[in-house]
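# Fold and contact review
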Amino acid sequence: GHGTWVLGASEIVLEKATLDDSTASRIADLTTQGSRVLILARSDAALSTDELPRDLEPAGLVSLQEELRPDARATIAYLVAQGIAVKVLSGDDPRTVGVVASRVGVQATAEAVDARSLPDDLDRLAAVLEVSSVFGRVQPQQKKLIVEALQLAGHTVAMTGDGVNDVPALKQADLSIAMGSGSQATRAVARVVLLESSFATVPHLLDEGRRVISNIERVAKLFVAKTVYATILAVVAGIVA
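Structural notes, computed from the coordinates.

## Some thoughts on the side chain of Ser183
With respect to the secondary-structure elements, Ser183 resides in the loop between strand E8 (175–179) and helix H8 (184–189). Among the residues examined, Ser183 registers a relative accessible area of 19% and is labelled buried. In this view, Ser183 contacts Asp162, Gly163 and Val164; residues no more than four positions away in its chain are not counted.

Encoded structure:
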């Protein structure tokens, strides 16, 4: 008896409707400030299929402000200094994602890209990824394609995520990193799980990995040197005998 109420992104919920100028302007202002904006709409029609009712009317806006972790900017700065290209993939409005990404220091050479316009061809997708770092409205299947495109371009790809929709991309990545607070499926497929759910742990993870590799290289060099010396001594002993 109360009709149908729908909450979601305005361009999805009201895909077949036209917003009035004041509402559209308000949404644009909020998104360009870095807020996540949802629209509440209603209809007298009932939900009988997967399709939304066509006569949805806006009833209100919900604005959510992202709270950045205090160590986010320092972590991104460290990764960039190490020569790691940081890509931001989000399902939110590209304008919102672009503002938040700039706040943490992700330097994009182009504006945030609406992933709905991305090509499915891996070669063409890789070309876009070379010039763009921030993507909004990314679908789960596109995350896996993005990882594949980066690998095709010769990159070693690490992927972080905490939701079930991140699982295909995590399985495809060379290094999959899940948050401890994430879904069980994500933790199950990840090679690394951050128990404290803090991305600030990644620099320590990188340092520890480099330390292990360095130790392996030292041992390998010592082993090779000992083998060479043993071979030379054996040959000399054979010649003298």
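## Focus: the sheet that holds strand E6 (residues 134–136)
Spatially, E4-E6-E5 is the arrangement adopted by the three strands of the open sheet, whose pairing is parallel. With partners counted over all chains shown, the strands left at the sheet margins are strand E4 (88–89) and strand E5 (113–114), one partner each. Two elements, E4 and E6, share two bridges in a ladder whose sense is parallel. Looking at E6, one finds that Leu89 is bridged to Phe135.

## With respect to the pairing of E8
Burial analysis of E8 places four of its five residues in the buried class, which makes it a mostly covered element. The sheet contact formed by strand E7 (residues 158–161) and E8 spans four bridges and is parallel. If you follow Met159 over to E8, its bridge partner there is Ser176. With three bridges connecting them, E8 and strand E9 (residues 192–194) associate as parallel partners.

## Observations regarding the nonpolar core
Counting 17 residues, the largest nonpolar core has Leu118, Leu125, Leu129, Phe135, Ile146, Val147 and Met159 as the members making the most contacts within it. Elements with a minimum of two residues in this core: helix H5 (122–131), helix H6 (140–152) and helix H7 (167–172). When residues in this core are grouped by element, the largest group, four residues, is from H6. The residues contacting Met159, other than those within four sequence positions of it, are Lys143, Val147, Asp166, Ala169, Leu170, Ala173, Leu175, Ser176 and Ile177. Among the nonpolar cores identified, the runner-up in size contains 14 residues, and Ala72, Val97, Ile177 and Leu194 belong to it.

## Here we look at unusual backbone geometry
Positioned with a positive phi, Arg137 is a non-glycine residue whose angle comes to about 55°. If you trace the backbone, Arg137 turns up in the loop between E6 and H6. On the basis of relative accessible area, Arg137 is assigned to the buried category, the value being 11%. Phi is positive for Ser197, close to 55°, though the residue is something other than glycine. Looking at where Ser197 falls in the secondary structure, it is placed in the loop between E9 and helix H9 (202–240). Residue class for Ser197 comes out buried when judged on its relative accessible area of 12%.

The rules behind each value
- Numbering of residues starts from 1 in every chain and runs along the sequence as written.
- Predicted model: local features are reported for residues with pLDDT of at least 70 only, side-chain atom pairs are reported and counted for 80 or more only, and whole-chain, interface and lining totals are derived from all residues.
- Side-chain numbers come from the whole structure's heavy atoms, not from hydrogens or water.
- Each helix corresponds to a stretch of at least 4 residues labelled H or I by DSSP, and each strand to a stretch of at least 2 residues labelled E; elements are numbered beginning at the N terminus.
- Here the term buried applies to any residue with accessible area under 20% of the maximum for its type, exposed to any over 50%, and partly exposed to those in between, with areas from a 1.4 Å probe on protein chains only.
- Any pair of residues with heavy atoms lying within 4.5 Å of one another is described as a contacting pair.
- When DSSP finds two or more bridges between two strands, those strands count as paired.
- Grouping buried Ala, Val, Leu, Ile, Met, Phe, Trp, Tyr and Cys residues that are joined through side-chain atoms within 4.5 Å yields what is termed a nonpolar core.

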